[in-house]
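# Coordinate inspection notes
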Amino acid sequence: DAGVIQSPRHEVTEMGQEVTLRCKPISGHDYLFWYRQTMMRGLELLIYFNNNVPIDDSGMPEDRFSAKMPNASFSTLKIQPSEPRDSAVYFCASRGGLAVTDTQYFGPGTRLTVL
Amino acid sequence: GNSVTQMEGPVTLSEEAFLTINCTYTATGYPSLFWYVQYPGEGLQLLLKATKADDKGSNKGFEATYRKETTSFHLEKGSVQVSDSAVYFCALRDSNYQLIWGAGTKLIIKP
């Protein structure tokens, strides 16, 4: 299995621009998580999906952030407009059903820099 | 509410030293407990886990024992290597089956 795939690995953009981060979970996993990691705030859960449906988005910082999962093999996290304080590493993780495992598998992350 | 507290880093050790990274938790019931490791430039990966009291998780020479009486899950390794340099995260699984994360502890091993 290829593991969780994220793209791009690095993104540099200017304040005000739209940013789209992409994630392909492990095939067969029905949970998908988006995290943000910064030095100041550590690892934060932004949103998670079960069977493509958003279950808890209470961690999404504000309306500038949105996430979608149009099918079982693809999810996006969009920031519009981006701000310098959004600079962070964004991780996607997936997990199989609880009857199978409770281990989350992380992608390599997207390092976002907003100038 | 549920929470996880880890010792602050960085922890700096010489190669072959004994490692302990403390982790304590607050939770209702008896949650599953996890240690994840993040190597430089990579995502987190599961290192070990324990699902009930007195269970010992182990992997790659690391061990952690689920201690209900002290609500702890300390990570230990008898002889660390330079390749163990990473950030280590303790986590618990809450009643909604989601992970509650500690702040992470950076480990630096010097040759």
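See the structure above.
Figured I'd write up the structure that's included with this text. This structure is a prediction, so every number in the text was calculated from the model and none was measured.

### Overview of the overall build of chain A
What chain A contains, in helices and strands, is zero helices and eleven strands. In chain A, the succession of α and β elements from N to C terminus is β-β-β-β-β-β-β-β-β-β-β. Taking 2.2 N^0.38 as the reference for a compact globule, 115 residues should give roughly 13 Å; the C-alpha atoms of chain A span a radius of gyration of 13 Å, in line with that estimate. With the principal axes as the frame, chain A shows a C-alpha extent of 45 × 25 × 25 Å. Sorting the 115 residues of chain A into buried and exposed places 49% on the buried side.

### Describing the overall build of chain B
When helices and strands are tallied, chain B shows zero helices and twelve strands. In chain B, the succession of helices and strands from N to C terminus is β-β-β-β-β-β-β-β-β-β-β-β. In terms of C-alpha radius of gyration, chain B reaches 13 Å, essentially the compact-globule figure of 13 Å for 111 residues. Each principal axis of the C-alpha atoms in chain B carries an extent, and together these give about 40 × 25 × 20 Å. Counting the 111 residues in chain B, one finds 43% classified as buried. Once local pairs closer than 6 in sequence are excluded, the contacts in chain B between residues at least 24 apart make up 54%. Looking at chain B as shown, the accessible area adds up to about 5,400 Å², and 47% of this sits on carbon and sulfur atoms. Distance between charge centres in chain B, computed from 10 positive and 11 negative side chains, equals 4 Å.

### Thoughts on the interface of chain A and chain B
Chain A puts 16 residues into the contact, and the matching count from chain B is 16 residues. Summed over both partners, the interface of chain A with chain B comes to about 1,300 Å²; 51% of that surface belongs to carbon and sulfur atoms. The largest contributions to the chain A side of the interface with chain B come from A:Leu43, A:Asp102 and A:Phe106, which together make up 37% of the buried area. Put simply, chain A and chain B have zero salt bridges between them. Joining chain A to chain B, the criterion identifies five residue pairs in polar contact (both at pLDDT 80 or more). Of all elements in the fold, only β4 (31-38), β5 (42-50) and β9 (88-95) of chain A reach the threshold of two or more residues within the side of chain A that touches chain B.

### Describing the nonpolar core
In this structure, B:Leu19, B:Trp35, B:Leu47, B:Leu48, B:Phe73, B:Leu75 and B:Tyr88 are the most contacted members of the largest nonpolar core, which totals 26 residues. Of all elements in the fold, only β2 (11-14), β3 (19-21), β4 (23-26), β5 (33-38), β6 (44-50), β8 (62-65), β10 (86-93) and β12 (105-110) of chain B reach the threshold of two or more residues within this core. Among the elements that make up this core, the one with the highest residue count is β10(B) (four residues). Beyond its immediate stretch of four places on either side in the chain, B:Leu75 contacts B:Leu19, B:Thr20, B:Ile21, B:Trp35, B:Leu47, B:Leu48, B:Phe62, B:Glu63, B:Ala64 and B:Tyr88. Of all hydrophobic cores here, the second largest spans 21 residues; its members include A:Ile26, A:Phe65, A:Ala67 and A:Leu112.

Calculation notes
- Residues numbered from 1 in each chain as written.
- Chains lettered and ligands numbered in written order.
- Predicted model: local features only at pLDDT ≥ 70, side-chain atom pairs only at ≥ 80, totals over all residues.
- Heavy atoms only, no water.
- Helix = DSSP H or I, 4+ residues; strand = E, 2+ residues; numbered from the N terminus.
- Rg over C-alpha atoms; globule rule 2.2 N^0.38 Å.
- Buried < 20%, exposed > 50% of the residue type's maximum accessible area, 1.4 Å probe, protein only.
- Contact = heavy atoms within 4.5 Å.
- Areas by Shrake-Rupley, 256 points an atom, 1.4 Å probe, with all protein chains shown as cover.
- Lys, Arg positive; Asp, Glu negative; His and termini not counted.
- Charge placed at Lys NZ, Arg CZ, Asp CG, Glu CD.
- Buried area = accessible area lost by both parts, 1.4 Å probe.
- Salt bridge = Lys/Arg side-chain N within 4 Å of Asp/Glu carboxyl O.
- Polar contact = N/O pair within 3.5 Å; in protein donor to acceptor, adjacent residues only side chain to side chain.
- Core = buried A, V, L, I, M, F, W, Y, C linked by side-chain atoms within 4.5 Å.

Keep in mind that these numbers describe shape and distance, not what the molecule does.
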